[in-house]
Amino acid sequence: MEPFLVRALAAGIGLAIVAAPLGCFVVWNRMAYFGETVAQASLLGVALGLMLQLDLTVSVLAVALVVAGLLMLAGRQKSVPTDSILGLMHFGALAAGVIATALVRGPSVDLMGYLFGDVFAVTGEDLVWVYGGGALTLAAMAALWSSLLRLAVHEELAAAEGVDSGRVRLAFTLVLALTIAIGMKIVGILLVIAFLIVPSVAARPFSTTPEAMAALAALVGIASTVLGLSLSLATDAPGGPAIVLVMASLAGFALTLSGARRRA
């Protein structure tokens, strides 16, 4: 097997495993739009990294954390609905990122590569980020798991039991930003949130416990990576979008099967 394909498989599988538990909470807490906003704002991090000649993963992570913090602060105000704030920052950040990357001096920027990723261009350094950052993410999720579950079930009851919702949500947001930053190279800024949401959607109808849902979501992500890369090699389609297409197809099949079982 070619080295570039081994690295692509390793990166996709690593991201699938890391994203699965986070994706469950994104789905349970209806944070898909929040995650998408943070992901699209990451394009500003790309522009910042290119301008200052920084490691792009570091600059993307920094911007993602800043934007996530601003979203959390904006969510505390009551005059404008949260979804409207998310919409404002969602499109504003993406537009600003596109303009900023276009204004970067030097060689032309491969904007499509950043937006949709290039899984076959993953390097050994990228794998260090995926597995090193992934290990930190999984460790953090293990520590936060119980508190996050309580908040997802009933926030007021969790607070009464001593769960510090502000601190737990902040920690989760930091972990989410890290995952988006390390996943950008694999499937791009526009598709990275799919690794979080789609496998969890596919797993939810067939899971009886939160832990089972996270495990099944990881399996869906892994299977989608293998099948998606196979599809890409067979058809010369872009690797990242091919993975997400397979993922969405599996989720659609899972939802259809679940609906048929309920009607039977």
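Residues numbered from 1 in each chain as written. Predicted model: local features only at pLDDT ≥ 70, side-chain atom pairs only at ≥ 80, totals over all residues. Heavy atoms only, no water.

Caption draft 1: Inspection of the confidence of the model for the chain at higher detail. Confidence in the prediction of the chain, expressed as mean pLDDT, is 85, and 96% of residues score 70 or more. The secondary structure element of the chain with the lowest average pLDDT is helix α5 (residues 111–116), at 74, and the one with the highest is helix α10 (residues 210–235), at 94. (pLDDT = per-residue confidence, 0-100. Helix = DSSP H or I, 4+ residues; strand = E, 2+ residues; numbered from the N terminus.)

Caption draft 2: Highlighting the packing of helix α3 (residues 56–74) against helix α4 (residues 82–102). Running from amino to carboxyl end, α3 crosses α4 at an angle of 155°, the nearest separation of the two axes being 10 Å. Looking at the two axes, α3 sits roughly antiparallel to α4. Judged by the sense of rotation from one axis to the other, the crossing of α3 with α4 is right-handed. Residue-level inspection shows Val-67, Leu-70, Leu-71 and Ala-74 of α3 in contact with α4, the latter providing Ile-85, Leu-86 and Met-89. Considered class by class, the residues forming the contact of α3 with α4 number seven nonpolar, no polar and no charged. (Axes fitted to C-alpha atoms, helices over the stretch in contact; angles between N-to-C directions. Parallel < 35°, antiparallel > 145°, perpendicular 65-115°, else oblique. Left-handed = near helix turned anticlockwise from the far one by under 90°. Contact = heavy atoms within 4.5 Å. Nonpolar A, V, L, I, M, F, W, Y, C, P; charged D, E, K, R; others polar.)

Caption draft 3: View of a nonpolar patch on the surface. A cluster of nonpolar side chains, namely Leu-48, Met-51, Leu-52 and Leu-54, defines an oily patch on the protein surface of about 360 Å² accessible area. Following the sequence through the fold, Met-51 ends up in helix α2 (residues 32–52). Looking at Met-51, the relative accessible area reads 49%, which means it is partly exposed. (Patch = residues over 30% accessible without salt bridge, like charges linked within 9 Å, V, L, I, M, F, W, Y side chains within 5 Å. Areas by Shrake-Rupley, 256 points an atom, 1.4 Å probe, with all protein chains shown as cover. Salt bridge = Lys/Arg side-chain N within 4 Å of Asp/Glu carboxyl O. Buried < 20%, exposed > 50% of the residue type's maximum accessible area, 1.4 Å probe, protein only.)

Caption draft 4: The arrangement of the packing of aromatic side chains in detail. One pass over the structure, following the stated rule, counts four aromatic pairs. Where Phe-25 meets Trp-28, the ring centres are 5.0 Å apart and the plane angle is 90°; that geometry is what we call edge-to-face. Residue Phe-25 and its partner Trp-28 are located together in helix α1 (residues 3–28), separated by three residues, close to a single helical turn. Classification of Phe-25 by relative accessible area gives buried; the value is 0%. Through pairs of rings, three or more aromatic residues link up here, namely Phe-25, Trp-28, Trp-145 and Phe-172. (Phe/Tyr/Trp six-rings, centres within 6.5 Å; stacked < 30°, edge-to-face > 60°.)

Caption draft 5: Seen up close, the packing of α1 against helix α8 (residues 165–187). Running from N to C, α1 and α8 cross one another at 150°; their axes reach a closest spacing of 10 Å. Our pair here, α1 against α8, has a crossing hand that is left-handed. Every residue of α8 that contacts α1 at Ala-11, Gly-12, Leu-15, Val-18, Leu-22, Phe-25 and Val-26 is listed here: Phe-172, Val-175, Leu-176, Thr-179, Gly-183 and Ile-186. Classifying every residue of the contact of α1 with α8 by side-chain character gives 10 nonpolar, three polar and no charged.

Caption draft 6: Structural view of the side chain of Thr-225. Its location among the elements puts Thr-225 in helix α10. The buried category is assigned to Thr-225, whose relative accessible area is 0%. Those residues in contact with Thr-225 that lie beyond four places of it in its chain are Leu-9, Gly-12, Ile-13, Phe-195 and Ile-243.

Caption draft 7: Fine view of helix α9 (residues 192–203). Summarising burial for α9: 11 of the 12 residues are buried, a large majority. Among the residues making up α9, those that are buried are Val-192, Ile-193, Ala-194, Phe-195, Leu-196, Ile-197, Val-198, Pro-199, Ser-200, Ala-202 and Ala-203. Contact partners of the buried residues in α9: α1, α2, α8, α10 and α11 (239–263).

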